[in-house]
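Examination of the molecular architecture
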Amino acid sequence: MADVSVETHIQQTQEAALLKALFPASALRRKLLQTVGAASLRAAVASALPAGALVSLQAMAQEQRTPEKKDLKLGFLPITCATPLIGAHPMGLYQQRGLNVQLVKTPGWGTIRERMLKGELDATHFLSPMPLAMSLGLGSPAQPMHVASIQNTNGNAITLHQKHKDNRDPKNWKGMRFGIPFEHSMHNYLLRYYLAEHGLNPDKDVTLQVMAPPDMLAQLKAQTIDGFIVAEPFNQRAVFEGVGFIHLLTKAIWDGHPCCAFGVSAAFIQQFPDTFSALYRAIISASVLASLPGSREQMVQAIAQPQYLNQPPELLMQVMTGKYDDGLGTRHDVPDRILFDPVPWHSQAIWMLTQMKRWGYVKNDVNFQHIADQVFLLTDAKKQMAQAGWRAPEGTMRSHRIMGKAFDANKPDEYLRSFPIRAGA
């Protein structure tokens, strides 16, 4: 009995240390324990941070350095993909790390890019391919940018106008017009992949039009587009307003695909390393919160506010819980409709680069692995996790399968040659 008591005491001590590392404010820790319990918190850590077991009480207890720059401006688009970056604000997670953060709501991705290039934002919510494109100088002057963490996986959909209820086969979509949020987005790459797998050339058989996510619903209502691929809540909003239906969730194309990211410039990390570390930990803690089923309603209530997403909480709950109506009369239950796995795998970056090459955005030969290493800060992410007391995931690659086809990140050129439909083919 004595041994059992000692083991129980050690476990409880470790759990307390883990919670303190993730959520420094005692009031928030108590609220979480009362709401979801210690077991659920452990499960959330394991979900949000692969193999996220406690490894070092000493590392967790280390003194946090004072941020060099405390007043920060972070850009975001009002979409659920930004939940960790947004949610860390009303939950007090930035403040607990010694940061005074101003969230700057931005209508479109082009504006985000320009503000980052001009130094008007300290860090931002990015589309995960954007730092790759900006570092390569695609569509803008080349400036080194980094993906510090992935904000979300899955969390998007293809939505069509109600008039296409009987036109569900993509093979019959020639001549249709689709809204995409940005050229260098997972949305563009996934839609192109989906169309090509059904025999359509996305550059010849359909029209892909870049538009800000908040504008897509109005364009769908006006029937200037036939559909769009975008983050939430705009797919669910189209159903909510009776103008469209969800054709499919993007997880059906690639289950677990990355979407948005938390990103910074290389200069910011070099100049303010302790500020970057504090930012990273606040957002990771918010990722854990967003992953907790028991706290998702609390997170929804926070991010639904006018200064953030400005959406009805009941609409956001359909996205966050995966219990949603598709606009075709079917009620779905998809718990992993959106997830918040923050690890920036190099294999994800390499896949994005293959699609940039496939569709002619990248003209010259590229060293896929080198660019992935430079832009996706997996090594730094592992360091931050270890310093916070989490076991960092091993390796740099993960196996991925897109529409049934395996992707080997070690053979990107071979993968590219396997596609009969591509730019210049």
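None of these values were measured; they are calculated from a predicted model.

1. As for unusual backbone geometry
A negative phi angle is the norm for most residues apart from glycine, just as the trans form is the norm for most peptide bonds. Cis rather than trans, the peptide bond between E232 and P233 has omega equal to 20°. Summarising the element assignment, P233 is placed in the loop between strand 9 (227-231) and helix 11 (234-240). Located in the positive-phi region is N154, a residue other than glycine, with phi close to 60°. The topology assignment puts N154 in strand 5 (residues 153-154). By relative accessible area, N154 is classed as buried at 1%. The backbone of Q223 sits at a positive phi, close to 60°, despite the residue not being glycine.

2. Observations concerning the pattern of salt bridges
Under the defined criterion, the tally for this structure stands at 12 salt bridges. R65 serves as the salt-bridge partner of D274, at 4.0 Å between the closest nitrogen and oxygen. Taken together, the positions of D274 in helix 13 (residues 273-291) and R65 in the loop between helix 4 (57-61) and strand 1 (71-76) put the pair 209 residues apart, joining distant regions of the chain. Among the residues examined, R65 registers a relative accessible area of 65% and is labelled exposed. As a salt-bridge pair, K251 and D255 come within 3.7 Å of each other at their nearest N and O atoms. Exposure remark for K251: the relative accessible area of 19% places this residue in the buried category. Given the relative accessible area of 47%, D255 is considered partly exposed.

3. With respect to the side chain of Q355
For Q355, the position within the fold is in helix 16 (residues 346-358). Setting aside its immediate chain neighbours within four residues, Q355 contacts Y189, Y193, Y361, Y415 and F419.

4. Re the nonpolar core
Core analysis: the largest hydrophobic core is formed by 49 residues, its most contacted members being L132, W351 and M356. Considering each element in turn, this core owes the most residues, 8 residues, to helix 9 (residues 186-197). Aside from chain neighbours lying at most four places away, what touches M356 is P129, L132, A133, L136, L138, H184, Y189, Y361 and V362. Residues M91, I269, F276 and L309 belong to the second largest nonpolar core, which totals 45 residues.

5. Focus on the confidence of the model for the protein
Per-residue pLDDT for the protein averages 87, and the proportion of residues at 70 or more is 83%. This stretch, residues 1-11, has a pLDDT under 50; its non-local contacts, to residues over four places away or in other chains, come to 1 contact. In the model, residues 47-63 has pLDDT below 50 throughout and makes 42 contacts with residues more than four positions away in sequence or in other chains.

6. A closer look at the sheet that holds strand 10 (residues 244-249)
Spatially, the 5 strands line up as an open sheet ordered 8-7-9-6-10, and their pairing is mixed. Pairing within the sheet leaves two strands with one partner each, and these edge strands are strand 8 (207-210) and strand 10. Strand-to-strand twist across the sheet, computed as the mean angle between neighbouring axes with direction ignored, equals 25°. Looking at chain direction, strand 6 (residues 156-161) and strand 9 are connected through 5 bridges and run antiparallel. Each bridged residue has a counterpart across the sheet, and for I158 the counterpart in strand 9 is I229. Helix 10 (residues 213-221) rests against strand 6, strand 7 (177-180), strand 9 and strand 10 of the sheet, and its axis sits at about 155° to strand 9.

7. Focus on the sheet that holds strand 1
Strand order across the open sheet formed by 5 strands is 2-1-3-11-4, with mixed pairing between neighbours. The two strands at the open ends of the sheet, each matched to only one other strand, are strand 2 (100-105) and strand 4 (145-150). Across this sheet, the average inter-strand angle for adjacent strands is 30°, counted without regard to direction. One ladder, built from 4 bridges, connects strand 3 (residues 123-127) with strand 11 (residues 260-265); its direction is antiparallel. By the bridge assignment, H125 is partnered in strand 11 with F262. Here helix 7 (residues 109-117) sits on the sheet in contact with strand 1, strand 2, strand 3, strand 4 and strand 11, set at roughly 140° to strand 3.

8. Here's the deal with the packing of helix 16 against helix 17 (residues 368-375)
Between helix 16 and helix 17, the shortest axis-to-axis distance is 9 Å and the interhelical angle comes to 125°. The orientation of helix 16 relative to helix 17 falls into the category oblique. For the crossing formed where helix 16 meets helix 17, the hand is right-handed. Residues H346, A349, I350, L353 and T354 of helix 16 lie in contact with helix 17, whose contacting residues are F368, Q369, I371, A372 and D373. For the contact of helix 16 with helix 17, the residue count by class is 6 nonpolar, 3 polar and 1 charged.

9. Some words on the packing of aromatic side chains
Under the counting rule described, the total for this entry stands at 10 aromatic pairs. A centroid spacing of 5.5 Å and a plane angle of 40° characterise the contact between W173 and F178, whose relative ring orientation is tilted. The pair W173 / F178 is uniform in exposure class, with both members buried. The structure contains a cluster of three or more aromatic residues connected by ring pairs, namely Y193, W254, W351, F407, Y415 and F419. Stacked on the ring of F419, the Lys or Arg R358 has its end atom at 3.8 Å from the ring centre. The ring of F419 is capped by K405, whose NZ or CZ atom sits 4.0 Å from the centre of that ring.

What counts and how
Residues numbered from 1 in each chain as written. Predicted model: local features only at pLDDT ≥ 70, side-chain atom pairs only at ≥ 80, totals over all residues. Heavy atoms only, no water. Helix = DSSP H or I, 4+ residues; strand = E, 2+ residues; numbered from the N terminus. Buried < 20%, exposed > 50% of the residue type's maximum accessible area, 1.4 Å probe, protein only. Salt bridge = Lys/Arg side-chain N within 4 Å of Asp/Glu carboxyl O. Contact = heavy atoms within 4.5 Å. Core = buried A, V, L, I, M, F, W, Y, C linked by side-chain atoms within 4.5 Å. pLDDT = per-residue confidence, 0-100. Pairing = 2+ DSSP bridges. Axes fitted to C-alpha atoms, helices over the stretch in contact; angles between N-to-C directions. Parallel < 35°, antiparallel > 145°, perpendicular 65-115°, else oblique. Left-handed = near helix turned anticlockwise from the far one by under 90°. Nonpolar A, V, L, I, M, F, W, Y, C, P; charged D, E, K, R; others polar. Phe/Tyr/Trp six-rings, centres within 6.5 Å; stacked < 30°, edge-to-face > 60°. Lys NZ or Arg CZ within 6 Å of the ring centre and 35° of its normal.

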